[in-house]
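Architecture and fold: a report
Here is what each chain is made of, one letter per residue.
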Amino acid sequence: SWQYWANVHANYCPHRQPYFLAWHRGYLYYLEQQFKRITGDSTFTLPYWDYYANPHIPSEFLDSASGNPLYCPRVNTNVYNALDLSPFSSSVVNFQRGTANSFEEKFELAPHNPVHNIIGDTMSTMQAPRDPIFYLHHANVDRLWHAWALPDGRTMPPPADPYWSGTFTYAP
Ligand SMILES: [Cu+2]
């Protein structure tokens, strides 16, 4: 159920800590696997919401007609004011928090956090995944992380780095 997934997030997701991005990437991966199983469609992938291209929540999520599972109450539907570009500045070349100008740390603070907080209501709580737009927000987070890490001098930690031997948890 949505509630199960929301509780996994509320109980286990690391915010303002190492593996913030990796944890959420895995969380979407597992949900995607579940969708593939339920739908029988092995090509199913979660969509993303590119709010830099269009800061308005897609209209499918705003139609309050009864029975629309994508609709839920929200305080705002335009996240333009969340769109910080500083994580993509040429000086942000390190990934891990604790390093100078860490991408993960900057990106969590903005645009990640204000997209949640501007939308508000459920999205600004640890139960945020009860709002289906959560998954499109985080799919875009993953897309932007990948774009940042493409081989242009901004890099993920090298293979021998202790980062890769860390662990994190979803549920028992
Ligand atoms: Cu989270």
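As a reminder, the structure under discussion sits directly above these lines.
**Digging into the pattern of salt bridges**
Per the stated rule, a full pass over the model turns up five salt bridges. Between Asp142 and Arg25 there is a salt bridge, with its nearest N and O atoms 3.7 Å apart. Note that Asp142 is positioned in helix α4 (residues 133–149) and Arg25 in helix α2 (residues 20–39), a separation of 117 residues in sequence. Note that Glu108 is salt-bridged to Arg97, the shortest N-O span being 2.9 Å.

**Here we look at α4**
With 17 residues, α4 should cover 24 Å at 1.5 Å per step; its first-to-last C-alpha distance of 24 Å lies within 8% of that length. With 13 of 17 residues buried, α4 lies mostly within the body of the structure.

**A short note on the packing of helix α3 (residues 103–119) against α4**
Relative to each other, α3 and α4 sit at 155 degrees, their axes nearing to 11 Å. Overall, the two elements α3 and α4 adopt an arrangement that is roughly antiparallel. Crossing angle aside, the handedness with which α3 passes α4 is right-handed. Seen from α3, the contacting residues are Phe103, Phe107, His112, Val115, His116 and Ile119; seen from α4, they are Ile133, Phe134, His137, His138, Val141, Leu144, Trp145 and Trp148. Taken together, the residues of the contact of α3 with α4 break down into 10 nonpolar, four polar and no charged.

Conventions used here
Residues numbered from 1 in each chain as written. Predicted model: local features only at pLDDT ≥ 70, side-chain atom pairs only at ≥ 80, totals over all residues. Heavy atoms only, no water. Salt bridge = Lys/Arg side-chain N within 4 Å of Asp/Glu carboxyl O. Helix = DSSP H or I, 4+ residues; strand = E, 2+ residues; numbered from the N terminus. Expected span 1.5 Å × (residues − 1). Buried < 20%, exposed > 50% of the residue type's maximum accessible area, 1.4 Å probe, protein only. Axes fitted to C-alpha atoms, helices over the stretch in contact; angles between N-to-C directions. Parallel < 35°, antiparallel > 145°, perpendicular 65-115°, else oblique. Left-handed = near helix turned anticlockwise from the far one by under 90°. Contact = heavy atoms within 4.5 Å. Nonpolar A, V, L, I, M, F, W, Y, C, P; charged D, E, K, R; others polar.

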